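# Residue-level structural notes
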Amino acid sequence: MALWMLLGSLLLGASDTHAEPSFPIVRDQGEYEIEIYPKQHRLIVLLHGSVFKTYRIAVGTYSTPTPIGEYKIVYKGENWGPAFGPRWLGLNVPWGNYGIHGTNQPHSLGQHLSHGCIRMRNADVIELYRLIPIGTKVTIYGHVLGEANKEPRRLAEGDVGGDVQLIQSRLKSAGYFKGECNGKFRSDTTRALKKFQQEQRIPSDGVVSAEVYNKLGLLE
């Protein structure tokens, strides 16, 4: 059986399940929380646990996915340039610079077209910016390894993401990886992966294929 862990919620009719969530896990805090559902292209603001605002968004493509997991808002900025709209709310994703921001491509809303960030209408992100304080918990729902009916990404040195972090975690638990599980596929991850591949008698090419996912217990 696939080793999925259920993080989830049935809000909006979503039935997404989750592999191991991204780190760090954020404790519940503050009167506001944000929930993001990439599959439905929805961002929801909760006030004391009840739905307060709902926004339509754009999210990452399959090759540059929006990071799944629990984070918090750690930075708020203004006017980073037309592509980012008038406001930016930065997330503490360990492997890259991800945030919630506006856009000069409003036609992209409702689609998987970003490089991993969450795009909003400029008027909406201004409203959200005024509403949400630094430290607000943000939960992004979905599969760390992608949609359940699709094969997960093939990963190699240079890739980043929650799926990379999950591979690092599994390799570390098995005694192959000694570094930080930071979601960044660098040379230390390649070395650990090749050693694992050699001992599993599969091609030692440093690429996370479906066979590697299977050997690590992440696929059926």
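These remarks concern the structure in this document. (Residues numbered from 1 in each chain as written. Predicted model: local features only at pLDDT ≥ 70, side-chain atom pairs only at ≥ 80, totals over all residues. Heavy atoms only, no water.)

## Things to note about the packing of aromatic side chains
- A full pass over the atoms with the stated rule returns seven aromatic pairs.
- Here W80 and F84 contribute two aromatic rings whose centre-to-centre distance is 6.2 Å and whose plane-to-plane angle is 75 degrees, an arrangement assigned as edge-to-face.
- Members of the aromatic cluster, joined through ring pairs, are Y75, W80, F84 and W88.
- Residue placement shows K53 over the ring face of F52; its charged tip is 5.9 Å from the ring centre.
- The ring of Y129 has K76 sitting right over it, with the charged end atom 4.5 Å from the ring centre. (Phe/Tyr/Trp six-rings, centres within 6.5 Å; stacked < 30°, edge-to-face > 60°. Lys NZ or Arg CZ within 6 Å of the ring centre and 35° of its normal.)

## Remarks on unusual backbone geometry
- The backbone of H48 shows a phi angle near 50 degrees, a positive value even though the residue is not glycine.
- Structurally, H48 is set in the loop between β2 (42–47) and β3 (50–56).
- At N79, a position not held by glycine, the phi torsion is positive, near 55 degrees. (Helix = DSSP H or I, 4+ residues; strand = E, 2+ residues; numbered from the N terminus.)

## Details of the nonpolar core
- With 45 residues, the main nonpolar core has I34, I36, L43, I100, L128 and L171 as its most contacted residues.
- When residues in this core are grouped by element, the largest group, four residues, is from helix α2 (residues 162–173).
- Those residues in contact with L171 that lie beyond four places of it in its chain are Y176, F177, A192, L193, F196 and L216. (Core = buried A, V, L, I, M, F, W, Y, C linked by side-chain atoms within 4.5 Å. Buried < 20%, exposed > 50% of the residue type's maximum accessible area, 1.4 Å probe, protein only. Contact = heavy atoms within 4.5 Å.)

## What to know about the sheet that holds strand β1 (residues 32–37)
- The sheet built from eight strands is open, its strands ordered β3-β2-β1-β10-β5-β6-β7-β9 with mixed pairing. The outermost strands of the open sheet, each flanked by one partner alone, are β3 and β9 (118–119).
- Across two bridges, the pairing between strand β7 (residues 99–101) and β9 is parallel. Following the sheet pairing, I100 is matched in β9 by I118.
- Sitting on the sheet, helix α1 (residues 122–131) is in contact with β1, β2, β3, β5 (69–78), β6 (87–91) and β7, with an inclination near 55 degrees to β6. (Pairing = 2+ DSSP bridges. Axes fitted to C-alpha atoms, helices over the stretch in contact; angles between N-to-C directions.)

## Side note on α1
- Among all positions in α1, only D124, V125, L128 and Y129 are buried. Looking down the long axis of α1, one finds its buried residues gathered within 135 degrees of arc, a one-sided arrangement.
- In this structure, the buried side of α1 is in contact with β1, β2, β3, β5, β6 and β7. (Arc of directions from axis to C-beta.)

## A look at the side chain of R87
- Positionally, R87 belongs in strand β6.
- Given a relative accessible area of 17%, R87 falls into the buried group.
- Aside from chain neighbours lying at most four places away, what touches R87 is G77, E78, N79, I100, H101, G102, V125, I126 and Y129.

## Notes on the pattern of salt bridges
- Taken as a whole and judged by the stated rule, the model has four salt bridges.
- A salt bridge links D163 to R153, with the nearest nitrogen and oxygen atoms 2.8 Å apart. With D163 in helix α2 and R153 in the loop between β10 (137–140) and α2, the pair connects residues that are ten residues apart, well separated along the chain. (Salt bridge = Lys/Arg side-chain N within 4 Å of Asp/Glu carboxyl O.)

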